[in-house]
Amino acid sequence: MRFGDVDDIALPFAKRTLSNGLDVIVHEDHHVPIVAVNVWYHVGSKNELPGRTGFAHLFEHLMFEGSSHHNTGFFPPIQRAGGLLNGSTNTDRTNYWEVVPTSAIDLVLWMESDRMGYLLPAVTPERFETQRDVVLNERRQNYENRPYGFALMALVAALFHERHPYNWPTIGSAEDLRAMRLEDMQTFFRTYYHTSNASLALAGDIETERAFDLAERYFGDLPAGPRPAPVQAIAEVTCEGRLLLEDRVEMPRLYIGWLSPASYADGDAEMDLLGDLLANGKTSRLYRTLVYERRVALDVSAYQSSRELAGFFLLVATAAPGTSLAEIETLIGLELQALTESGPTESEMARARAQVEAHFIYRLQTVGGFGGKSDQLNAYNIMRGDPGYFQQDLARYRDASIEAVRDTARRVLGFDHRVLLSVVPRGQRHLALPGAEPVAVS
């Protein structure tokens, strides 16, 4: 299939908004007798404040523990019905999804509506304390005790100033989590977890009108809440920063980060393509130079992290034995200079576009789960105000030219507005880049 043939692919849907403000989106797909239910709340860690972080992620846990009319765990009844379920939180949104046999759709919608409208009476002090301890343990496992676990926290905190809502990690700081009070959590829930700040998508073996009727039946009587004001913030990096982090690691690793365009903004797609042609696969520029030809790195990666308010572009390389981070940084700099002077080749662009095409097609293979059709419809609805943004989204990549990728790289990947982080084994600061200043992360 050629890239242009994807014009024939569509993600058909119908959308209605209930009187309480809840958006309901329906996509019919009768190939398999299953239905995906997907709920997005337009709240993430960016809706928190310095010193009061970790609320959104903790609520992700609490909302699986039970609500007023189903005051026990959410997993057992849905799994007994033959379904799957999960949820996640990031800087900009919280989502929950279930994929169940068509016969279990009433069960899922009832449970989702109950935790949207009647969660707080079930959040007892004991339940709150238990889930806070669970999150603190998750933080220890995924960040504090994991090699290189603090690296991204340190880099992002340097890219986004301390008052910017992307400065802190989604999981929150351990200090803030311990200081959190049940009353604070209740206020946060009332502000963000209601019909006016949510979107419900149903996809699969269900008729459109029946889906709308069920949404009205289970969610229509929930009270509307005031729509939260948009979060606004500006990030800026005006010079090069060099940081040093000692960690329990075997090999030094170099992280280089730049501020980059926000999700769907001009240049966002170009930076996605740039990450692909720089470090995705053995034919990419940095893999070929650092890993295959020069053998100075064990691995290398690059990607555009798109977020609602701003993005960042990240390059990561782990040093091979006997190689300095300074040598790796020099070679990366030469490749970036060549790219910003001449741009990518047509063959590189064709490969990057093919990767994008494959990704878009892959996401259409399932109605539910992370990245499935129901998740896409909600993402486009929340972030773009249009569930039918699929073709426009794809067109951003299809229309990206060699010149556009080159010019975006020139604008974003400057050497005078980036952050370089050296992560080195404890007690071996001499392995860091020259001029790197120690940074503390907790």
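Residue numbers restart at each chain and count upward from 1, following the sequence in its written direction. Residues qualify for local features only when their pLDDT is at least 70, as the model is predicted, and side-chain atom pairs are given and counted only at 80 or more; totals for whole chains, interfaces and linings, by contrast, use all residues. Derived side-chain values reflect all non-hydrogen atoms in the structure, with water molecules and hydrogen atoms excluded from consideration.

> Please clarify how helix H14 (residues 390-398) should be interpreted in this entry.
Residues that lie three or four places apart on an α-helix share one face, since the helix turns once every 3.6 residues. Summary of the burial criterion: residues with accessible area below 20% of their type's maximum are buried, those above 50% are exposed, and those between are partly exposed, where the area comes from a 1.4 Å probe applied to protein chains only. Working definition: helices are DSSP H or I runs of at least four residues, strands are E runs of at least two. Numbering for both runs from the N terminus. For H14, the complete set of buried residues consists of Phe390, Asp393, Leu394, Ala395, Arg396 and Tyr397. Residue contacts are defined here by distance: any two heavy atoms, one from each residue, within 4.5 Å place the two residues in contact. Here the buried face of H14 lies against helix H9 (268-279), helix H12 (346-363) and helix H13 (373-384).

> Could you clarify how one ought to interpret the layout of surface pockets in this entry?
Rolled over the atoms, a probe as big as a water molecule pinpoints where empty space is left. Estimated volume of the largest pocket: approximately 970 Å³. The method works on a 1 Å grid over the protein atoms by themselves. A cavity is a set of points holding a 1.4 Å probe that cannot get out, a pocket is an open set with protein on both sides within 12 Å along at least five of seven lines, and residues with an atom within 4 Å of a point line them. Lining the largest pocket we find 36 residues, and of these Tyr264, Asp272, Ser306, His359 and Arg363 sit closest to its centre. At the level of secondary structure, the elements contributing two or more residues to the lining of the largest pocket comprise H9, strand E9 (297-305), H12, H13 and H14. Following the grouping adopted for this structure description, the nonpolar residues are Ala, Val, Leu, Ile, Met, Phe, Trp, Tyr, Cys and Pro, the charged ones are Asp, Glu, Lys and Arg, and the polar ones are all others, Gly among them. Considering only residue class, the lining of the largest pocket consists of 13 nonpolar, 12 polar and 11 charged. As for the second largest pocket, its lining consists of 27 residues, of which Tyr143, Gly149, Leu152, Met153 and Pro169 are closest to the centre. Among the secondary structure elements, those contributing two or more residues to the lining of the second largest pocket are helix H1 (55-62), strand E4 (84-89), helix H4 (125-144), helix H5 (151-159), E9 and strand E10 (311-319). If one sorts the elements of the lining of the second largest pocket by residue count, H5 sits on top with 4 residues. Grid points are joined across faces, edges and corners, and a volume is the space filled by probe spheres set on the points.

> I tried to follow unusual backbone geometry on my own but got confused; where do I start?
What you tend to see is this: most non-glycine residues have negative phi, and most peptide bonds are trans. With phi around 70 degrees, Tyr264 is a residue other than glycine that occupies positive phi space. Assessed through its relative accessible area of 19%, Tyr264 is described here as buried. A positive phi is found at Arg295, a non-glycine position, where the angle reads about 55 degrees. Turning to its location among the elements, Arg295 is positioned in the loop between helix H10 (285-293) and E9. Residue classification places Arg295 among the exposed positions, given a relative accessible area of 60%.

> Quick question: what am I supposed to make of the sheet that holds strand E5 (residues 94-101) here?
In a beta sheet, neighbouring strands pair by backbone hydrogen bonds and run either parallel or antiparallel. Pairing is mixed in the open sheet, where 6 strands are placed in the order E1-E2-E6-E3-E5-E4. Looking at the sheet topology across the chains shown, the edges are occupied by strand E1 (14-17) and E4. Averaged over all neighbouring strand pairs, the angle between strand axes comes to 15 degrees, with direction disregarded. We call two strands paired when DSSP finds no fewer than two bridges between them. Sheet topology places strand E3 (residues 34-41) next to E5; 8 bridges connect them, and they run antiparallel. Directly across from Tyr41, in E5, lies its bridge partner Thr94. For helices, the axis comes from a line fit to the C-alpha atoms of the stretch in contact; other axes are also lines fit to C-alpha atoms, and the angle between any two N-to-C directions lies between 0 and 180 degrees. Contacting E1, strand E2 (23-28) and strand E6 (198-204), helix H8 (residues 208-219) runs over the sheet at an angle of about 150 degrees to E2.

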